[in-house]
Amino acid sequence: MLNIIEKDVDKAIESVQEYYTTIETNLDSVIEQIQSTLSNPTDDKFIKTSIQNTLKPLAKQYSDKHKDLHGSISKIGKTIDKSFQSDFGNVPITELFDTPEKFKLIYMIICEDLYRQGRMSIADKLIEESKLNDNDLFNLEKNFLEEINMILENLREKNLLPAIDWCVRHRSELNKTNSLLEFYLHKMRFVQLLQSGNFNEAKTYLTNLRQYSIMNGQCEQDVNQLMGALVFAQRDLSKSPYKYLLEPHLWLQLSELFMQQAFQQVGLAQDSPLYVVMKIGFQALPALMSIVNAMQNTQVCHILSKDELPIEIDVGQEHRYHSVFACPILRQQTTDQNPPMKLVCGHVISKDALNKLSIQNKLKCPYCPLEQSPSDARQLKYFDPLDYNLSADFRLTKLSDLKGRGCKVPRDVLHRLLEGLQTADKNGYGDGQHHQGLMPESKPTPVVGIGLDSCVIPIRHGGLFLVQSTAFFYPLVDDPYVMGKIACANVLSDVYAMGAVEVDNMLMLLSTSNKMTEKERDTIMPLILQGFKECAEEAGTTVQGGQTVINPWLIVGGVATAVCTQNEIIIPENAIVGDVLVLTKPLGTQVAVSAHQWLENPDRWNRIKSVISEDDVRKAYQRAMNSMARLNKIGASLMHKYNAHACTDVTGFGLLGHAQNLAKHQKHDVSFVIHNLPIIAKMATISKACGNAFGLLQGTSAETSGGLLVVLPREQAAAYCKDIQAQEGYQAWIIGVVEKGGRTAKIIDKPRIIEVPAKDTEGELW
């Protein structure tokens, strides 16, 4: 439709231009004739007649031409009326804004939009006339918006200094989000220096940018481009391969990036609510116009409501702000009045479906045979099933390709999810405290539940205790046999952390991927099973069962169970001031594995190739596999010999996460302070090159089948480390101390990095 109108407009413009060109030429000719007539010595009557004869046909000609011109212009309006429907009266739902309180919402979003655009005086006038209060305006910071608009105005005028100054003042907040805003501002400043011919200052600027790139492991390609631009700029940058650096749209992109990053710092979206509503409204209007008659049809009105559409209108991925759940029973989208309800069995249906399926206060799940009470169903405030986006043409190339998106639930989220799951009173609180009454013995009964590495619960007979844990994860190395060993060692480590050295039984949990070919499955899965089984035998136990399923992702794990007397268990709650912290394996397994995968990803490898060689990456990968597949059994056994007060193993939450969790469960008011970080050689360098994205030096980098973090008396710690090295041939390190505090843990600002091994020996792994 717009193309048709554009053609009519172009035709009208062409006619107008032709009209004015012709009339200007003819008028010049008429003026010449009149001047010639007036110069001849004739009577007035002749002159008058001559001028009339000259002007009369010209007037008629342009009168007719004007009619044609008017017709061309009028046609545009008729085409617009014909092409576009201007009657939207049936589309709006006027009831949405039929009260003053609802109208206030409109005023609020208009005011916010005005503030965002820097039109403060207009917004203040609207607030005054609409009688809004400042606290109605989404807690906007006026001073903040005034500053941001001032900076954006300067960017439009190509003045970068206010924006750079803002980034310097907010550098710590920007670094937390790995923002590159400050770099791109300096990059544009460098281009300005080239344009102005200030090449000496530009060289100094480029040196600083390159240093930034090396320190942060990012933007190396951008810096290389700027080096090339510096060479060509001394001739003519606009005619060089780097002329794209002068494109005007780069300034617009820079302004948008600044606005996005600035608003993110205060929790605001880049786009105002008014902009989003208007954009979505314009986008959805054609579809709304086409279905408005259907929604008013009396034959279908019983299945429609004014706040629900019969079809889905796609407004783009960027405008999806909440999850949508359609009840699989009633085929209806859930609402606030009809929310999704999670049944005891885990299946989710709508509240209306729950009510309809309930008979005499009993409900049988439509998807499984479990019978339950409707009152046990829990309302979900948010329902968002994970979308793993598996490609339809999936082809197995490596074992690590068959992993899902994220394996570890954040620790604080996990604790919230498990609230209320702990058993109470006669079954123990699961908080690491001692409780009496379960057993006929007079001494306290240890009970450990959710929150630490394993559960420790008394069994009914003989004064014995069950120590049990389960763990599983996605593949992280490409050797199936080693992957099986790592999975088994990881499961056993949780039991070892409780001091239980002899494991009575193991179960294996194995999910084979439905994306694997039959040949791949028959080759890979037996190797994983063999590795798991041989590691269990090395630990002195056996695998007596388990479960296998088919899944989109390959998952490996298991369950370890030990039946112990109380003397065989070390309840992890007795740390005292003066104790020290010992770690039995080096950190950095996640960094090593990731770096090895990056060897086949040029974009990622370019980030770190300046700080490490390919051979060093491969050796670090071998060290990581060796460390992860190694059992913590000897370390657990020596805890009894050297009177350990508490222990945990370091896995998915990183060193600091597990240290904090262990500190939280102590009986005494203590805190853990970590001074030393033993790390696989050169992995700290990679972490720094990646802008600390791994969190390795902060203690948040995930580990798999990591070492034991043992709390030992100060006088016993050195002997413990020496004994481990004598029996295992591997080091252990004293990494911190126990101080008086509030049951927390921290790593000092500048911890000592211990490279493991300290010296690389040709032909030897460690």
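What counts as what
Residues numbered from 1 in each chain as written. Predicted model: local features only at pLDDT ≥ 70, side-chain atom pairs only at ≥ 80, totals over all residues. Heavy atoms only, no water. Helix = DSSP H or I, 4+ residues; strand = E, 2+ residues; numbered from the N terminus. Buried < 20%, exposed > 50% of the residue type's maximum accessible area, 1.4 Å probe, protein only. Areas by Shrake-Rupley, 256 points an atom, 1.4 Å probe, with all protein chains shown as cover. Phe/Tyr/Trp six-rings, centres within 6.5 Å; stacked < 30°, edge-to-face > 60°. Patch = residues over 30% accessible without salt bridge, like charges linked within 9 Å, V, L, I, M, F, W, Y side chains within 5 Å. Salt bridge = Lys/Arg side-chain N within 4 Å of Asp/Glu carboxyl O. Lys, Arg positive; Asp, Glu negative; His and termini not counted. Charge placed at Lys NZ, Arg CZ, Asp CG, Glu CD. Expected span 1.5 Å × (residues − 1). Pairing = 2+ DSSP bridges. Axes fitted to C-alpha atoms, helices over the stretch in contact; angles between N-to-C directions. Parallel < 35°, antiparallel > 145°, perpendicular 65-115°, else oblique. Left-handed = near helix turned anticlockwise from the far one by under 90°. Contact = heavy atoms within 4.5 Å. Nonpolar A, V, L, I, M, F, W, Y, C, P; charged D, E, K, R; others polar.

Chemist: Can you walk me through the overall build of the protein chain in this structure?
Modeler: Regarding its fold elements, the protein chain presents 23 helices and 18 strands. Among the 766 residues that make up the protein chain, the fraction classed as buried is 43%. Split by element, the accessible area of the protein chain, about 43,000 Å² in all, is 52% carbon and sulfur.

Chemist: What exactly am I supposed to notice about the packing of aromatic side chains here?
Modeler: For any two aromatic rings, the description comes down to two numbers: the centre-to-centre distance and the angle of the planes. This model, assessed by the stated rule, comprises eight aromatic pairs. Seen from their ring centres, W598 and F694 are 5.9 Å apart, and the 35 degrees between their planes marks the pair as tilted. Of this pair, W598 sits in helix α17 (residues 589–598) while F694 sits in the loop between α22 (683–689) and β16 (708–712), and the two are 96 residues apart along the sequence. You can call F694 buried: its relative accessible area is 13%.

Chemist: How do you make sense of a negative patch on the surface when you look at a structure like this?
Modeler: Judged by side-chain charge, E6, D10, E14 and E18 come together as a negatively charged surface patch. The partly exposed category is assigned to E6, whose relative accessible area is 46%.

Chemist: Quick question: what am I supposed to make of helix α1 (residues 2–39) here?
Modeler: In an α-helix, one full turn covers 3.6 residues, which means residues spaced three or four apart are oriented alike. Under the 1.5 Å per step criterion, the end-to-end length of α1 is 56 Å for 38 residues, consistent within 8% with the ideal 56 Å. Taken residue by residue, α1 has I5, D8, A12, S15, Y19, I23, V30 and T37 as its buried positions.

Chemist: Which parts of the structure should I look at to understand the sheet that holds strand β14 (residues 646–649)?
Modeler: Backbone-to-backbone hydrogen bonds join strands into a sheet, with any given pair of strands oriented parallel or antiparallel. One open sheet accounts for six strands, arranged β14-β16-β13-β17-β15-β18; its pairing is mixed. Pairing within the sheet leaves two strands with one partner each, and these edge strands are β14 and β18 (745–756). Each strand axis lies, on average, 20 degrees off the axis of its neighbour in the sheet, ignoring direction.

Chemist: Before we go on, may I ask you to explain the packing of helix α8 (residues 181–195) against helix α11 (residues 249–265) in this structure?
Modeler: When two helices pack together, their arrangement is given by the angle between the helix axes and by the axis-to-axis distance. The geometry of α8 relative to α11 is characterised by a closest axis approach of 10 Å and an angle of 155 degrees between their N-to-C directions. As judged from the angle between their axes, α8 and α11 are roughly antiparallel. The chirality of how α8 crosses α11 is left-handed. Of the residues in α11, those in contact with L181, Y184, L185, M188 and Q192 of α8 are L250, W251, L254, L257, F258 and Q261. A class-by-class count of the residues in the contact of α8 with α11 yields nine nonpolar, two polar and no charged.

Chemist: Would you take a moment to explain the pairing of strand β17 (residues 733–740) for this structure?
Modeler: Each regular strand displays side chains that alternate between the two surfaces of the sheet. Note that strand β13 (residues 580–583) and β17 share four bridges and pair antiparallel. Residue pairing for β17: L581 is matched across the bridge by G736. Where strand β15 (residues 670–680) and β17 come together, five bridges link them in antiparallel fashion. Within the sheet, the bridge partner assigned to V673 lies in β17 and is V737.

Chemist: What is the right way to look at the sheet that holds strand β5 (residues 378–379) in this model?
Modeler: In space, the three strands of this open sheet follow the order β2-β1-β5, with antiparallel pairing throughout. The open sheet is flanked by β2 (348–350) and β5, the only strands paired with a single partner. Judged from the three bridges that link them, strand β1 (residues 340–342) and β2 form a sheet pairing that is antiparallel. When the sheet's bridge partners are listed, P340 is paired in β2 with S350.

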